[in-house]
Every structure is written in C-alpha cells, then in structure tokens.
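One-letter residues, chain by chain:
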Amino acid sequence: MMGTDICFRQDDNFVVDDDKPGCDTHFAPFNLVTFDSQLSSFFATVSSSSLLQSAAWPISNSDNKSTKTPVDRISIRSFASTGMSSTEATGPTTWTEGREEAIRKCVLPLSFESHKGSSGRVGVLGGSPKYTGAPYYAAMASLHVGSDLAYVFCAQEAALAIKCYSPEQVYSAAQFEEANTEEEVGLLVQKMVEEVVSMMPRMHVLVIGPGLGRDLVVMEAVAQIIREGMSRNLSMVLDADALFLLTLEPLRDIFQGYSKVVLTPNIVEYKRLLDANNGDLKRNYEKAIIIKKGRYDAVSSFGEDSRHLVCEEVGGMKRSGGLGDILSGTVGTFIAWNEILSNREEGAEADRMLACWAACCVTKQATKRAFDRNRRGMTAPDVLDDLGDTINAMTGEDSDR
C-alpha cells in the first residue's frame with residue numbers, strides 16, 4: 001500500500017476536475033521557473049512564445065490560488081450514457097461479448113523468449129510538486145497490466161516523492177531553476193524537451209498529462225514534446241492537464257490528421273474540448289481516438305470509417321482520485337502492445353480502438369473488484385493491486401498456472 005495522502009478540493013462555484021493525488025497545501029504549481037512577486041514582468045519577458053501569448057490561460061493571483069473560469073454544469077447522466085445506446089455501438093459492449101476478438105487482436109501473448117522491454121515500454125510525462133501521485137498511478141498501472149518498463153518524466157521536486165512510492169519505475173527529473181530572461185526560459189524549455197525526446201526511441205507509447213499542472217513554461221515544453229513525438233510517429237495518450245493544453249488557441253489543431261493519439265477526457269475535460277472546437281471535434285481529431293470516461297466509457301473515432309465502442313462493464317460506486325490516471329496507464333500498455341503486434345504483423349493499427357475498449361474493460365473490472373472488497377474505503381492503490389489478477393482472469397491466464 002502506498003503511503004501518500006489523497007487531497008481533494010471542493011468549490012461550490014465551480015465544477016472542479018483536479019481530482020489528482022498529492023497534497024496541494026505546501027507547494028506551488030509545477031515550475032521549471034520560480035514565480036515570485038515579479039510575475040507580470042516575467043510574462044512580459046517571455047511573451048514572444050506563441051503558446052505563452054494565449055489569453056486563455058488561468059494565471060495565479062497573489063495568494064497563489066488558481067483563478068478558474070466557471071464551467072457550465074452539464075448533465076452527468078447524459079455524459080455517462082455517452083449519448084448513444086448499446087444498439088448504436090459498432091462492436092461489443094461487454095468483455096463477455098468481445099473477449100475472444102480482444103485477446104486475439106489486443107493482448108500480447110506471454111513467452112519464455114521475452115526479454116526486458118519486449119512486453120512494452122511506456123513513458124509517462126507528468127508529475128509536479130502539487131501532484132505526485134498521478135504519474136505514479138499511471139506508470140504502475142501500465143506495469144501491473146503487463147508492460148515491462150515505465151519511464152516517468154517529472155519535476156525535480158516531485159521525483160523524490162515518486163521514487164519513495166516505488167523502485168520499479170525509471171525516473172528523469174527536470175531541474176527547477178529561476179529564469180528572468182527570454183533566453184533563460186528558452187534554455188529551460190529546450191532542456192526539458194531534450195530529456196524526453198532522447199528517450200523516445202525506447203518508448204512504444206508516451207502518456208502525457210497525469211499530474212502535469214498548468215505552468216506556462218512547462219506547457220510550452222510539452223507542446224514541443226508533442227510535436228517531436230508526432231515527427232517520430234510516436235503513439236501518445238493524453239489525459240488531465242494535457243487535455244487542457246489542447247484547448248489553447250495555438251494547439252487546438254496540433255493533432256489534425258494524426259492517427260496515433262488517444263484522448264481520455266472526463267465530463268469536464270470533454271466539455272472544454274467541445275467548447276474550444278465550437279462543438280465539433282471531427283475537424284481537429286478526425287483520426288484520433290477519444291475515450292469519454294463515465295459510468296459507461298465511450299470509445300470513438302470520427303474518420304470516414306467512424307466507429308463507436310461502448311464499455312458497459314460495471315465499475316465501482318466509489319470515484320476515488322487517481323482512477324483516471326490508472327486508466328491512462330492501462331491504455332498506455334494496450335497501445336504499446338498494439339505497436340508490438342503491428343510490428344510483428346500479428347496485429348494492425350486498425351485494432352487500436354478495440355485495444356482502448358479492452359483497456360476500459362480491464363480498468364472497470366479491476367475497480368469493481370476493489371470496490372467489492374473495500375466499499376467506501378476503496379482508494380486508487382486498491383485498484384492497482386487488483387489490475388494484475390483482473391487481466392489474468394479476463395484472459396484466462398490465471399488458469400494456466
């Protein structure tokens with residue numbers, strides 16, 4: 001069991017979606033730059049960046065509390081039901097219905113010939129002083145489901161805490177430094193980008209967003225990392241604050257025409273994406289896969305061969321912080337397996353939607369197991385503990401022992 005606090009913030013005036021693990025009491029947001037009382041002059045210095053010029057950014061005020069734009073309260077019921085019935089889905093809705101096809105096309109077989117890394121290498125870009133649990137959950141989920149290696153790229157101040165959670169992940173930390181000039185900011189961004197890009201040849205997939213935070217300079221670096229990943233045809237899974245990044249004007253169309261990306265928005269994040277794209281996601285995400293998380297997860301693509309898969313597996317009735325991070329890590333492993341199977345010509349990129357659906361099924365069933373055992377006391381580490389046994393039972397591999 002991981003010894004960390006799960007902190008929640010409630011606000012009667014807003015729909016608050018930052019249900020990320022970690023304590024938000026003692027630390028400033030993720031900074032590669034030290035913000036101080038001269039915040040306004042700092043923004044003037046770095047204003048040449050196209051991303052940092054975005055007026056859509058919520059800046060911190062003097063007491064270091066983030067100012068947020070109120071989010072319209074939208075129907076959780078309509079979101080959870082995905083706006084479609086089971087009859088409108090273009091594939092299986094439960095694991096029982098889709099088990100054989102999913103195992104055949106999406107699950108990497110175990111083998112005595114395997115070597116370290118051959119079952120999947122997953123990168124996780126996220127983690128800040130405020131949110132240390134999120135990247136841990138994502139990385140550990142990828143390992144519990146079946147990947148061999150997980151690389152975590154996080155802020156220096158978050159690295160020690162995350163290392164204390166587990167020795168099983170490989171860490172790379174961005175050093176915190178103060179920057180007062182445009183040149184210094186540029187060097188910090190370049191340093192972070194190079195750290196992640198240098199590891200891209202080793203990764204099958206990069207999960208971006210768990211615990212990332214919304215620091216301006218970090219977001220600029222992440223935008224460049226995304227572009228570098230696309231230039232290398234790298235598969236990416238975006239969650240949490242990485243989805244917020246996509247709502248900013250310079251980056252709304254960054255994935256236009258790119259097929260190797262999966263977005264995993266919750267109810268608030270999905271509405272933000274819709275608002276940023278005038279209610280139409282097809283233009284900018286025609287080839288992407290979008291997993292709308294809810295009571296029933298909906299996996300959709302908007303291309304010419306648009307498909308909609310619905311996961312109607314029953315999860316738990318407790319919505320603990322960190323469950324979204326676990327899903328993103330689980331999706332990461334299934335996408336890594338799709339890459340491996342495709343390279344072996346034992347699978348195809350066309351199976352990626354089914355792989356995402358299978359990841360949703362595994363996460364739902366693991367959550368149900370953890371909830372049945374712990375009820376109101378269920379937390380995200382309980383779900384992590386059940387992931388391995390869950391996928392073994394779902395694939396029949398528990399009976400092989």
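Please read all numbers here as calculations on a predicted model, not as lab measurements.

(A) Broad picture of the nonpolar core. Membership of the largest hydrophobic core comes to 62 residues, with the highest contact counts inside it found for Val 299, Ile 326, Val 331, Phe 334 and Trp 357. Look past the residues within four positions of Val 331 in its chain and what remains in contact with it is Val 237, Val 262, Ile 291, Cys 356 and Ala 359. One finds Leu 212, Val 218, Leu 246 and Phe 255 within the second-largest nonpolar core, a separate group that totals 46 residues.

(B) Up close: the pattern of salt bridges. Following the criterion strictly, the structure yields eleven salt bridges and no others. In this structure, Glu 249 and Arg 252 form a salt bridge, with 3.0 Å as the shortest nitrogen-oxygen distance. Given a relative accessible area of 53%, Glu 249 falls into the exposed group. Within the structure, one salt-bridge network assembled from shared partners comprises Lys 260, Glu 339 and Arg 352.

(C) Up close: the packing of helix 11 (residues 352–374) against helix 12 (residues 380–395). For the pair helix 11 and helix 12, the least separation of the axes is 8 Å and the interaxial angle reads 120°. When the interaxial angle is binned, helix 11 and helix 12 end up oblique. In terms of crossing hand, the pair formed by helix 11 and helix 12 is right-handed. Contacts between helix 11 and helix 12 pair Cys 361, Val 362, Gln 365, Ala 366, Thr 367, Arg 369, Ala 370, Arg 373 and Asn 374 from the former with Asp 382, Val 383, Asp 386, Leu 387, Asp 389, Thr 390, Ile 391, Ala 393 and Met 394 from the latter.

(D) Molecular detail of the pairing of strand 1 (residues 121–125). Buried residues dominate strand 1, accounting for five of its five residues. On strand 1, burial covers both faces: Arg 121, Gly 123 and Leu 125 on one face and Val 122 and Val 124 on the other are all buried. The sheet contact formed by strand 1 and strand 2 (residues 149–155) spans five bridges and is parallel. Directly across from Leu 125, in strand 2, lies its bridge partner Phe 153. Read as a crossover between parallel neighbours, the route from strand 1 over helix 4 (residues 133–145) to strand 2 is right-handed. Where strand 1 and strand 4 (residues 205–208) come together, four bridges link them in parallel fashion. Bridge pairing links Val 124 to Val 207 in strand 4.

(E) Focus on the packing of aromatic side chains. Applying the stated criterion to the full structure yields five aromatic pairs. Ring centres 5.2 Å apart and planes at 75° place the aromatic pair Tyr 136 and Tyr 165 in the edge-to-face group. Placement of Tyr 136 in helix 4 and of Tyr 165 in helix 5 (residues 156–165) is noted, with a sequence separation of 29 residues between them. Across the pair, exposure class does not vary: Tyr 136 and Tyr 165 are buried alike. Joined through ring pairs, the aromatic side chains of Tyr 136, Tyr 137 and Tyr 165 make up one cluster.

(F) Main features of the confidence of the model for the chain. Across the chain, the average pLDDT comes to 80, with 73% of residues at 70 or higher. Counting contacts from residues 1–48, a segment whose pLDDT is below 50, to residues more than four positions away or on other chains yields 112 contacts. Within the model, pLDDT remains below 50 along residues 54–87, and this stretch shows 66 contacts once partners closer than five positions in the same chain are excluded.

(G) Broad picture of the packing of helix 4 against helix 10 (residues 323–343). Viewed as axis vectors pointing N to C, helix 4 and helix 10 meet at an angle of 40°, and their least axial separation amounts to 7 Å. Classified by the angle between their axes, helix 4 and helix 10 sit oblique to one another. The hand of the helix 4/helix 10 crossing is right-handed. The residues of helix 10 that touch helix 4, namely those facing Ala 134, Tyr 137, Ala 138, Ala 141, Ser 142 and Val 145, are Asp 325, Ile 326, Ser 328, Gly 329, Thr 330, Thr 333, Phe 334 and Trp 337. Per-class residue counts for the contact of helix 4 with helix 10 are eight nonpolar, five polar and one charged.

(H) How the structure looks around unusual backbone geometry. Its identity is not glycine, yet Ala 240 carries a phi of approximately 55°, on the positive side. Structurally, Ala 240 can be placed in the loop between strand 5 (235–238) and helix 8 (241–245). The backbone of Asn 278 sits at a positive phi, close to 55°, despite the residue not being glycine. Turning to its location among the elements, Asn 278 is positioned in the loop between helix 9 (267–276) and strand 7 (289–292).

Reading the values: the criteria
Residues numbered from 1 in each chain as written. Predicted model: local features only at pLDDT ≥ 70, side-chain atom pairs only at ≥ 80, totals over all residues. Heavy atoms only, no water. Core = buried A, V, L, I, M, F, W, Y, C linked by side-chain atoms within 4.5 Å. Buried < 20%, exposed > 50% of the residue type's maximum accessible area, 1.4 Å probe, protein only. Contact = heavy atoms within 4.5 Å. Salt bridge = Lys/Arg side-chain N within 4 Å of Asp/Glu carboxyl O. Axes fitted to C-alpha atoms, helices over the stretch in contact; angles between N-to-C directions. Helix = DSSP H or I, 4+ residues; strand = E, 2+ residues; numbered from the N terminus. Parallel < 35°, antiparallel > 145°, perpendicular 65-115°, else oblique. Left-handed = near helix turned anticlockwise from the far one by under 90°. Pairing = 2+ DSSP bridges. Right-handed = clockwise from strand over helix to strand, strands pointing away. Phe/Tyr/Trp six-rings, centres within 6.5 Å; stacked < 30°, edge-to-face > 60°. pLDDT = per-residue confidence, 0-100. Nonpolar A, V, L, I, M, F, W, Y, C, P; charged D, E, K, R; others polar.

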